[in-house]
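# Chain and residue survey
Read off the chains here:
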There are 2 protein chains.
Amino acid sequence: MEERKISRAVISRLPRYYRYLGELSEEGVERISSKELSERMKVTASQIRQDLNNFGGFGQQGYGYNVRYLYNEIAKILGIDRQHNVIIIGAGHLGQAIANYANFERRGFLIKAMFDVDPNLFGKTIRGARVYSLDNLEKFISENDIQIAALTIPKTRALEIAERLTKSGIKAIWNFAHTDLIVPYDVVVENVHLSESLMRLSYRVSNIDAPPFEGKYD
Amino acid sequence: MEERKISRAVISRLPRYYRYLGELSEEGVERISSKELSERMKVTASQIRQDLNNFGGFGQQGYGYNVRYLYNEIAKILGIDRQHNVIIIGAGHLGQAIANYANFERRGFLIKAMFDVDPNLFGKTIRGARVYSLDNLEKFISENDIQIAALTIPKTRALEIAERLTKSGIKAIWNFAHTDLIVPYDVVVENVHLSESLMRLSYRVSNIDAPPFEGKYD
DNA sequence: TAGATTGTTAATCGATTAACAATC
DNA sequence: TAGATTGTTAATCGATTAACAATC
């Protein structure tokens, strides 16, 4: 399908382009040059053009990029132009925070159910997603065409649940557990390790950087 | 203070080293070579040695690294050997999830208070952290020596709150709002953009990679 | 001492930036 | 057409990996 290997760095930047294009679109901006966009986003115009040209020529010489068109094309590249059925494993605060976030639905991520071990939560419903016992996990996945699972459980049980998920045919795990999962090569794991993020912040507060440039800040 | 500029990539990897060393320590492992660690972590031994040597020679030829010692040294580098006073802006599910996460306290991040606009939440207490009105923000920060603020509010209000935070002397913002903050150069912003993480996952599910190597998986 | 493994220099690889011909 | 700006090649920069002398 794809012509050549796209680097992880490029993919990481796509959602940010998407966000800025969405904002431009809401502002009513119809076209934008890589130079203007680069000034807004504080990246080089070269990088924007290089990144986009990994996926095709979306611009036009002398004109720039059509905001709405580019926005839609990036949505296609990211695969958020279609629907993904999602379940959340762990109905604690983090699981509930994810379930409550309406924007995910706007991007095509439909939360179909939540699973927990705590019987007090069974039957509770968050934005239409009901909490079930983990005993029903495999059955629900196969009967409801679930592709993505968000894992918001303690790391002690994460590996075991990840194995059950992949055996049930899950294609991707959004992993909030503080551990590295072991999965078959064709299953995607996207880690959100909050404690590692907080430690990076800690490093940076503790070793305050020099000013990035000599110019003036407004 | 620091001798030379440490790259962002190196800093990003430190918390993961820290996690693995903590696990090794719990397993009772006293020493480990860069080669053994590299096999566990699935990185090159060269990278481990290069990364660590940015901060000093923690190992010993012919022996390797003392697990407990290296663990403690990385804690110092990351600044998690001391205490940081934290407040959470936004007492919704995400804010509560963070407040409830006991591990942060173990790393020296003490959650001193939460702030919200919803009067129904005022007075509520989560693991000792009370929810206050945002009206009290500046006063609380200055009176309680707060260095770090976690921002778990909608993006519409994020910029305005970020400005109030930095004007009150906050040194770092852990930003969960889906927007890029504008802060003075000496204020650290660590972004956790969950929707961007989910889009990266979406890209990878939609463009399933080829197997990373030809060997066998166990 | 001999073997193991670091710390560090050198080589390679990949990503970013610059430059510019193509073209709208 | 002339001006603007892309798409793309070339140059630079930085990060990763390999190699090995130093040394425990």
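None of these values were measured; they are calculated from a predicted model. Every chain is numbered independently, its residues counted from 1 as its sequence is written. As a convention, the first chain written is A and the first ligand written is 1, with the rest following in written order. Two thresholds apply to this predicted model, a pLDDT of at least 70 for residue-level local features and 80 or more for giving and counting side-chain atom pairs, whereas whole-chain, interface and lining totals are computed over all residues. Note that the side-chain values use all heavy atoms of the structure and ignore hydrogens as well as water.

## Description of the protein's contact with DNA strand C
Proximity is defined per residue: any heavy atom of the residue falling within 4 Å of a molecule or strand makes that residue near it. With respect to spatial proximity, 25 residues lie near DNA strand C, and among them A:S46, A:Q50, B:S34, B:Q50 and B:Y65 are the closest. Strands here are runs of E lasting at least two residues and helices are runs of H or I lasting at least four, both read from the DSSP assignment and numbered beginning at the N terminus. Those elements that provide at least two residues to the surface near DNA strand C are α1 (8-26) and α3 (45-53) of chain A together with α3 (45-53), β2 (59-60) and β3 (64-66) of chain B. Under the scheme applied, nonpolar residues are Ala, Val, Leu, Ile, Met, Phe, Trp, Tyr, Cys and Pro; charged residues are Asp, Glu, Lys and Arg; polar residues are all the others, including Gly. Broken down by class, the residue content of the surface near DNA strand C amounts to four nonpolar, 18 polar and three charged.

## Quick notes on the interface of chain B and chain A
Residue-level contacts link 65 residues of chain B with 65 residues of chain A. Regarding the contact of chain B and chain A, the summed buried area is about 6,000 Å², with carbon and sulfur atoms giving 63% of it. Buried area: the accessible area, evaluated with a 1.4 Å probe, that two parts lose upon being put together, summed over both parts. In terms of surface lost to chain A, no three residues of chain B exceed B:M199, B:Y203 and B:R204, which account for 12% of the buried area on that side. Should a side-chain nitrogen of Lys or Arg be within 4 Å of a carboxyl oxygen of Asp or Glu, the pair is scored as a salt bridge. Scanning the region where chain B abuts chain A turns up ten salt bridges. Between B:E190 and A:R200 there is a salt bridge, with the nearest N and O atoms lying 3.5 Å from each other. Any N or O atom pair separated by 3.5 Å or less is treated as a polar contact, with the protein-specific requirement of one donor-capable and one acceptor-capable atom, and with residues adjacent in sequence counted only for side-chain atom pairs. Put simply, chain B and chain A have 30 residue pairs in polar contact (both at pLDDT 80 or more) between them. For the side of chain B that touches chain A, the element with the most residues is helix α9 (residues 194-206) of chain B, which contributes 13 residues. Looking at the side of chain B that touches chain A residue by residue, the class counts come to 33 nonpolar, 15 polar and 17 charged. Every residue pair with non-hydrogen atoms within 4.5 Å of one another is taken to be in contact.

## Let's talk about the relation of the copies chain B and chain A
When chain B is fitted to chain A, the residual RMSD is 0.0 Å, and the transformation amounts to a turn of 180° plus an axial shift of 0.0 Å. Overall, the copies show the geometry of a two-fold rotation axis. Of the interface residues in chain B, 100% have counterparts in chain A that sit at the interface too, so the contact is made through matching surfaces. In superposing the copies, a least-squares fit is computed on C-alpha atoms, taking residues whose pLDDT is at least 70 in both.

## So, the protein's contact with DNA strand D
DNA strand D sits among 25 residues. The nearest are A:S34, A:Q50, A:Y65, B:S46 and B:Q50. Considering DNA strand D, the proportion of its atoms within 4 Å of the protein that are sugar or phosphate atoms stands at 58%. Contacts to DNA strand D include B:T44, whose side-chain N or O atom sits 3.0 Å from a phosphate oxygen. At the level of elements, α3, β2 (59-60) and β3 (64-66) of chain A together with α1 (8-26) and α3 of chain B are the ones that each hand at least two residues to the surface near DNA strand D. When residues in the surface near DNA strand D are grouped by element, the largest group, four residues, is from α3(B). Within the surface near DNA strand D, the residues separate by chemical class into four nonpolar, 18 polar and three charged.

## Some words on the sheet that holds strand β1 (residues 31-32) of chain B
Residue and element names in this part refer to chain B. Pairs of strands are assigned from DSSP output, requiring at least two bridges between the strands. The strand order across the open sheet formed by three strands is β1-β3-β2, and the pairing between neighbours is antiparallel. The open sheet terminates on both sides in strands that have one partner only, identified here as β1 and β2. As defined by bridge partners, β1 adjoins β3 across two bridges and the pair is classed as antiparallel. Bridge pairing links R31 to N66 in β3.

## Focus on the UniProt feature "DNA-binding region" (unreviewed entry) in chain A
When the UniProt feature table is mapped to this numbering, "DNA-binding region" (unreviewed entry) covers residues 16-55 of chain A. Structurally, residues 16-55 of chain A comprises 70% helix and 5% strand, and the distance from its first C-alpha atom to its last is 16 Å. UniProt positions are given in the numbering used here, feature names are shortened, and annotations may be inferred rather than shown by experiment.

## Observations concerning unusual backbone geometry
Residue and element names in this part refer to chain B. Even without being glycine, R127 reaches a positive phi, approximately 45°. Mapped onto the fold, R127 is located in the loop between β6 (125-126) and β7 (129-133). Unusually for a residue other than glycine, D145 sits at a positive phi of about 55°. Checked against the element boundaries, D145 lands in the loop between α7 (137-143) and β8 (148-151). Exposure categories follow from relative accessible area, calculated using a 1.4 Å probe and restricted to protein chains: below 20% of the type maximum is buried, above 50% is exposed, and the middle band is partly exposed. For D145, a relative accessible area of 52% gives the class exposed.

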